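Commentary on secondary and tertiary structure
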Amino acid sequence: MTAATSLIPGLDEIVKRGDPKRLAEVTRGIAELFVQGAANFKPAHVGLFDHLLTGIVPQTETAARADLAERMSAIANAPPTLIGRLAREDDISVAGPILRRSPVLEDQALVEIARAKGQDHLLAMTERPKLSPDLTDVMVRRGERDVIRRAAANKGAMFSTVGYSALVKRAARDGVLTITVGQRSDLPDRLLKELLTGSVDVVRRRLFDMADPTRQAAVARAMSELSGKTLPPDKQRDFGPAQRTVLSLYRAGDLDETALLGFAKAYRYTEAVAALSAMSGVPISVVDRLMSGDRHDPVLIIAKAIGLEWSTVRALVLLRLGPARMPGAADIENVRTNFARLMPSTAERVVSFWRTRETA
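Residues numbered from 1 in each chain as written. Predicted model: local features only at pLDDT ≥ 70, side-chain atom pairs only at ≥ 80, totals over all residues. Heavy atoms only, no water.

A few words on the overall build of the protein. In terms of helices and strands, the protein carries 24 helices and zero strands. Burial statistics for the protein: of 360 residues in total, 48% are counted as buried. For the protein, contacts bridging at least 24 residues in sequence account for 66% of all contacts bridging at least 6. (Helix = DSSP H or I, 4+ residues; strand = E, 2+ residues; numbered from the N terminus. Buried < 20%, exposed > 50% of the residue type's maximum accessible area, 1.4 Å probe, protein only. Contact = heavy atoms within 4.5 Å.)

Low-confidence regions, as indicated by low pLDDT, have predicted coordinates that should not be scrutinised in detail. When pLDDT is averaged along the protein, the result is 85; 89% of the residues meet or exceed 70. Within the protein, the lowest mean pLDDT, 45, falls on helix α1 (residues 2-7), and the highest, 98, falls on helix α9 (residues 119-125). Note on residues 1-6: pLDDT under 50 across the span, and 12 contacts to partners over four residues away in sequence or across chains. In the predicted structure, residues 229-235 sits below a pLDDT of 50 and forms seven contacts with residues beyond four places in sequence or in another chain. (pLDDT = per-residue confidence, 0-100.)

So, about the pattern of salt bridges. Applying the stated criterion across every chain, the model contains 13 salt bridges. Between R71 and E32 there is a salt bridge; the shortest N-O distance is 2.5 Å. One end of the pair, R71, is in helix α5 (residues 62-72); the other, E32, is in helix α3 (residues 20-37), and 39 residues separate them in sequence. The closest approach of N and O atoms between R150 and E127, which form a salt bridge, is 4.0 Å. (Salt bridge = Lys/Arg side-chain N within 4 Å of Asp/Glu carboxyl O.)

A complete count under the given rule lists five aromatic pairs for this structure. The ring centre of F339 lies 4.3 Å from the NZ or CZ of K304, which sits over that ring. (Phe/Tyr/Trp six-rings, centres within 6.5 Å; stacked < 30°, edge-to-face > 60°. Lys NZ or Arg CZ within 6 Å of the ring centre and 35° of its normal.)

Attention now goes to the environment of E32. E32 sits in the partly exposed class, given a relative accessible area of 30%. Considered as a pair, E32 and L68 are 36 residues apart in the sequence and their alpha carbons are 9.3 Å apart.

This paragraph deals with the side chain of T178. Here T178 shows up in helix α13 (residues 175-182). For T178, the residues in contact, after removing those within four places along its chain, are A171, L195, S199, V203 and L207.

Positioned with a positive phi, Y267 is a non-glycine residue whose angle comes to about 55°. With respect to the helices, strands and loops of the structure, Y267 is situated in the loop between α18 (257-265) and α19 (269-280).

Once that is clear, we can look at the nonpolar core. Here is a general trend for soluble globular proteins: nonpolar side chains tend to be buried in one another's company. Judged by nonpolar contacts, the single largest core of 110 residues is most densely connected at M72 and L316. No other element matches helix α22 (residues 310-321), which puts eight residues into this core. Beyond its immediate chain neighbours, meaning those up to four positions away, M72 contacts A31, F34, L53, A78, P79, L82 and I83. (Core = buried A, V, L, I, M, F, W, Y, C linked by side-chain atoms within 4.5 Å.)

Moving on, we get to α13. Most of α13 sits inside the fold, with six of its eight residues counted as buried. Looking only at α13, the buried set comprises L177, T178, I179, T180, V181 and G182. Looking at where α13 begins, the residue whose side-chain oxygen comes 3.1 Å from the main-chain nitrogen of V176 is D174. (Polar contact = N/O pair within 3.5 Å; in protein donor to acceptor, adjacent residues only side chain to side chain.)

Packing of helix α21 (residues 297-305) against helix α24 (residues 344-354) leaves a shortest axis separation of 8 Å and a crossing angle of 110°. Judged on the interaxial angle alone, α24 and α21 are roughly perpendicular. Packed against α21, whose contacting residues are P298, I301, I302, K304 and A305, the element α24 presents P344, A347, E348, V350, V351 and W354 at the interface. (Axes fitted to C-alpha atoms, helices over the stretch in contact; angles between N-to-C directions. Parallel < 35°, antiparallel > 145°, perpendicular 65-115°, else oblique.)

This part is about the side chain of R65. Position of R65 relative to the elements: it lies in helix α5. Among the residues examined, R65 registers a relative accessible area of 12% and is labelled buried.

Structurally, the position occupied by A305 is in helix α21. With 38 residues separating them in the primary sequence, A305 and M343 have C-alpha atoms 8.7 Å apart. Aside from chain neighbours lying at most four places away, what touches A305 is A347, E348 and V351.

Given below as structure tokens:
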């Protein structure tokens, strides 16, 4: 510590005696010197502080090491050996600040620490602005619930195909994780569909409500594909008469929202479906499948895409439920809120997809 003693007179004696209080004061003093001059230090200067601090740190109290970690955690040219040592400490009050944000800590070191340390260390890492696929692979494999949820919610996290597959499997037992993973724009459509397959209806509905407009379109497509089952031959409807009725209205210039509202209020299902098909351009078999499914969302999407008023949407919702299944006021208000929040541009993108579909 020859060079160091010129900075801190009596340092050798302080270290030799091992007085915790004095060591803590010296550590804070050296850290302050580094913080003040870090922006102008050259590598040789950084190396001097690195050598000095790594020689003292093992003998200082936990509180002093935690304070040092906090000071050094956001500095881009912090002493690398010191940073690595602090990050590997078992005490999370010391390792935490470094693991959360130190730009000096390289990905290889993070992966090594993630493999060796416990949940607190993993949880701290989930707060970093960026997480590599190698790191998230370890998190998904070793992490418990809170770690997995935080990593999935980190917009700067990247996941490998293996990592995403593992996340989807974990989400089958965790509705919160399903919603978090489902909102990620980088989740492949194939895995989004698998994610929704393993979720209950209330979770799917919540995911659709919380997703941003771009993601809502993908979620809606996946839900429509999951609910897209053809009616058995003995239950397939004959839309011939209804199509002829709608065609007559179209030729007379009377196929509009008023006509659709009339069909819905009168519980004339086939005419309402035929009218929706003609007005939206979605094949009648697809509209029938969506209307007879177990969710209101497809109806809201078509309605928003073609600019229907809430009164018509409400009538269509009641039509698909049937006169014997009147919903409560709270349920209707919830549907109304969802319809109001749905962006027309999002609805149009989904309807564009449906226009190219046919019932298999």
